[in-house]
Amino acid sequence: MRRKSSLGPPWRRFVLAAVLALSSTACGRDPPEQRLRDSVTQFQAAIEQRDAPALQEWLAADFVGPEGLDREGARRLAVGSFLRYRQLGVTVGPLDIALQPDHATVRFTAALTGGSGRPLPEAARLYEVETGWREEDGDWRMTSARWTAKL
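Since we're looking at a predicted model, the values are computed, not measured. (Residues numbered from 1 in each chain as written. Predicted model: local features only at pLDDT ≥ 70, side-chain atom pairs only at ≥ 80, totals over all residues. Heavy atoms only, no water.)

Student: Sorry if this is basic, but what is going on with the overall build of the protein here?
Tutor: For the protein, the count of helices and strands is four helices and six strands. Each helix (α) and strand (β) of the protein, taken in turn from the N terminus, gives the series α-α-α-β-α-β-β-β-β-β. Counting the 151 residues in the protein, one finds 29% classified as buried. For the protein, contacts bridging at least 24 residues in sequence account for 48% of all contacts bridging at least 6. Entry remark: accessible area of the protein is about 10,200 Å², with carbon and sulfur atoms responsible for 56%. (Helix = DSSP H or I, 4+ residues; strand = E, 2+ residues; numbered from the N terminus. Buried < 20%, exposed > 50% of the residue type's maximum accessible area, 1.4 Å probe, protein only. Contact = heavy atoms within 4.5 Å. Areas by Shrake-Rupley, 256 points an atom, 1.4 Å probe, with all protein chains shown as cover.)

Listed below in C-alpha cells is the structure:
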C-alpha cells in the first residue's frame, strides 16, 4: 500500500521548497562587517593581481584620497606602480572596524613591497592606513583613504 505524503500534492511541496530556499538565502547573507572584511580582502587581491580596473571598481564615484586624489587619479597611481614593479605585495595587519549604518571606517597597518620578481623586493614600506567605506546596494565601496609612512 502506498503511503500518502503529509505535505500534500507535488505542487504544494514545490512551493514549500521554493519558500524555504528563498528564506534560507535571505538568512544566509553575510552580516555587514563580514562583507566589509571580504571587500577589503578583494581590494588587496586586486592590488596584488595588478588589476587596475578591478581596483577602481572598489572605489566610490566620489572617492577622495590624499592631496585631492580622486577615483581616476587612484587608478593612474595604481597603473604607475604596476609599471614600476613587476611584482607587488600587500600584507595587511588586523582590521580595526568602526561600523555605522551604511558607513564604516577601517584602520590597519599595511606593508607594501615591490620588485622585479627576484627573491627580495626592491622596495618595502610600512604604512598606517585609514579608509572610509559606504554601503551601496549591498556592496561596500571605499569613499576615502589616508596613509602615513611608518618607516
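Here the narrative resumes, following the displayed structure.
Student: Is there a simple way to explain the nonpolar core in this structure?
Tutor: Note on soluble globular proteins: their nonpolar side chains tend to be buried together. By size, the foremost hydrophobic cluster in this structure holds 26 residues, and its most contacted members are Leu 36, Val 106, Trp 133 and Met 142. Contributing elements (two or more residues each) for this core: helix H2 (32-48), helix H3 (52-57), strand S1 (59-64), helix H4 (71-84), strand S4 (103-115), strand S5 (123-136) and strand S6 (139-149). In this view, Met 142 contacts Phe 43, Trp 58, Leu 59, Ala 60, Phe 63, Thr 131, Gly 132 and Trp 133; residues no more than four positions away in its chain are not counted. (Core = buried A, V, L, I, M, F, W, Y, C linked by side-chain atoms within 4.5 Å.)

Student: What's the story with the pairing of strand S3 (residues 96-100) in this structure? I'm lost.
Tutor: Within a regular strand, side chains alternate between the sheet's two faces. Note: S3 against S4, five bridges, orientation antiparallel. Looking across to S4, one finds that Gln 100 is bridged to His 103. The antiparallel hairpin formed by S3 and S4 contains two residues in its connecting segment, where Asp 102 sits at a positive phi of about 65 degrees. (Pairing = 2+ DSSP bridges.)

Student: What exactly am I supposed to notice about the layout of surface pockets here?
Tutor: Empty space among the atoms becomes visible once a probe the size of a water molecule is rolled across them. Roughly 980 Å³ of volume is contained in the largest pocket. Of all the secondary structure elements, the ones that give two or more residues to the lining of the largest pocket are H2, S1, H4, strand S2 (87-92), S4, S5 and S6. The element best represented in the lining of the largest pocket is S5, accounting for seven residues. Looking at the lining of the largest pocket residue by residue, the class counts come to 26 nonpolar, six polar and two charged. (1 Å grid on protein atoms, 1.4 Å probe; cavity = no way out; pocket = protein on both sides within 12 Å on 5 of 7 lines; lining within 4 Å. Points joined across faces, edges and corners; volume = space filled by probe spheres on them. Nonpolar A, V, L, I, M, F, W, Y, C, P; charged D, E, K, R; others polar.)

Student: What is the right way to look at the confidence of the model for the protein in this model?
Tutor: A low pLDDT score tells you not to read the predicted coordinates there in detail. Mean pLDDT over the protein works out to 82, with 77% of the residues at or above the 70 mark. The spread of mean pLDDT over the elements of the protein runs between helix H1 (residues 10-28), the lowest at 41, and S1, the highest at 97. Predicted confidence for residues 10-28 stays below pLDDT 50, and this span has five contacts to residues more than four positions away or in other chains. (pLDDT = per-residue confidence, 0-100.)

Student: Help me out: how do you make sense of the pattern of salt bridges in this one?
Tutor: Side chains that differ in sign of charge can pair as their charged atoms come close. Evaluation of the coordinates by the stated rule reveals nine salt bridges. Between Asp 139 and Arg 141 there is a salt bridge; the shortest N-O distance is 3.9 Å. Residue classification places Arg 141 among the buried residues on the basis of a relative accessible area of 18%. In this structure, a network of salt bridges that share partners links the residues Asp 62, Arg 134 and Glu 136. (Salt bridge = Lys/Arg side-chain N within 4 Å of Asp/Glu carboxyl O.)

Student: Help me out: how do you make sense of the side chain of Glu 135 in this one?
Tutor: Within the secondary structure, Glu 135 is located in strand S5. Polar contacts involving the side chain of Glu 135 include one to the side chain of Arg 35, which spans 2.5 Å. When neighbours within four sequence positions are excluded, Glu 135 is seen to be in contact with Arg 35, Asp 102 and Trp 140. (Polar contact = N/O pair within 3.5 Å; in protein donor to acceptor, adjacent residues only side chain to side chain.)

Student: Could you clarify how one ought to interpret the pairing of S6 in this entry?
Tutor: Across two bridges, the pairing between S1 and S6 is parallel. The partner of Val 64 across the bridge, within S6, is Ser 144. Looking at chain direction, S5 and S6 are connected through ten bridges and run antiparallel. By the bridge assignment, Thr 131 is partnered in S6 with Ala 145. Taking the residues that link successive antiparallel strands as the turn, the S5-S6 hairpin has two residues, and the phi of Asp 137 there is positive, at about 50 degrees.

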